[in-house]
Amino acid sequence: MLLLAALGIGLINLLSMELILGGGVLVIVVAIYFLLVWNQRVPPLGKELLIAIIYATGVFLGPVILSHSQIPWEVFWMMIQLVMIALINLVLLSTFEWEEDHKAGLISYVGKLG
């Protein structure tokens with residue numbers, strides 16, 4: 001375990017500062033989301049859509065930052081498709097967690113749409 005931590009610290013020197021800052025911003029966004037959920041104040045978009053957007057951003061953040069150019073429209077559409085796939089997956093999982101979300105008072109598409 002200690003060896004993996006040392007390896008991770010050593011490898012971080014190979015990353016660009018822009019990539020580290022982008023990842024730091026994403027960590028802050030995820031922390032804010034967790035704080036909102038912890039305080040049961042999920043924004044009106046619903047938890048599934050927010051998680052899908054954050055997930056797709058995390059997947060495409062590195063390549064977009066490292067490209068140093070405008071995002072090609074093909075990549076933009078791939079990002080939208082990944083958000084949709086993640087959203088479908090999360091809505092399906094929310095059907096299993098509907099009772100817990102309802103008891104906790106969390107906003108969910110499954111709870112809204114039935």
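Residues numbered from 1 in each chain as written. Predicted model: local features only at pLDDT ≥ 70, side-chain atom pairs only at ≥ 80, totals over all residues. Heavy atoms only, no water.

Q: Can you walk me through the nonpolar core in this structure?
A: One broad rule of soluble globular proteins: the nonpolar side chains tend to lie buried together. Membership of the largest hydrophobic core is limited to nine residues, which are Leu 49, Ala 52, Ala 56, Phe 60, Leu 82, Val 83, Ala 86, Leu 87 and Leu 90. Put simply, the parts of the chain that give this core at least two residues each are helix H3 (47–67) and helix H4 (73–96). Looking at this core, the element that brings in the most residues is H4, giving five residues. Core analysis: the next-biggest nonpolar cluster, separate from the first, contains seven residues, Leu 26, Leu 50, Leu 61 and Ile 65 among them. (Core = buried A, V, L, I, M, F, W, Y, C linked by side-chain atoms within 4.5 Å. Buried < 20%, exposed > 50% of the residue type's maximum accessible area, 1.4 Å probe, protein only. Helix = DSSP H or I, 4+ residues; strand = E, 2+ residues; numbered from the N terminus.)

Q: Hey, could you run me through the packing of helix H2 (residues 17–38) against H3 in this one?
A: Geometrically, a packed helix pair is captured by the angle between its two axes and the distance between the axes. Across the interface, H2 lies against H3 with an axial gap of 10 Å and an inter-helix angle of 175°. In terms of orientation, H2 lies roughly antiparallel with respect to H3. Across the interface between the two elements, Glu 18, Leu 19, Gly 22, Gly 23, Leu 26, Val 29, Val 30 and Tyr 33 from H2 touch Lys 47, Leu 50, Ile 51, Ile 54, Thr 57, Gly 58, Leu 61, Gly 62, Ile 65 and Leu 66 from H3. Class assignment of the residues belonging to the contact of H2 with H3 gives a composition of eleven nonpolar, five polar and two charged. (Axes fitted to C-alpha atoms, helices over the stretch in contact; angles between N-to-C directions. Parallel < 35°, antiparallel > 145°, perpendicular 65-115°, else oblique. Contact = heavy atoms within 4.5 Å. Nonpolar A, V, L, I, M, F, W, Y, C, P; charged D, E, K, R; others polar.)

Q: Looking at this structure, I do not really get the packing of aromatic side chains. What am I missing?
A: Aromatic rings considered in pairs are described by the distance between their centres and by the relative angle of their planes. This model, assessed by the stated rule, comprises two aromatic pairs. Taking 5.6 Å as the distance between ring centres and 70° as the angle between the ring planes, the aromatic pair formed by Phe 76 and Trp 77 counts as edge-to-face. (Phe/Tyr/Trp six-rings, centres within 6.5 Å; stacked < 30°, edge-to-face > 60°.)

Q: Even after reading the chapter, I still don't get the packing of H3 against H4, so can you show me in this structure?
A: In contact at an axis separation of 8 Å, H3 and H4 are set at 140° when each is read in the N-to-C sense. Considered as vectors, H3 and H4 are oriented oblique to each other. Judged by the sense of rotation from one axis to the other, the crossing of H3 with H4 is right-handed. Between H3 and H4, the residues in contact are Lys 47, Glu 48, Leu 49, Ile 51, Ala 52, Ile 53, Tyr 55, Ala 56, Val 59 and Phe 60 and Val 75, Met 78, Met 79, Leu 82, Val 83, Ala 86, Leu 87, Leu 90, Val 91 and Ser 94, respectively. Tallied by class, the residues present in the contact of H3 with H4 amount to 17 nonpolar, one polar and two charged. (Left-handed = near helix turned anticlockwise from the far one by under 90°.)

Distances and angles like these do not, on their own, reveal function.
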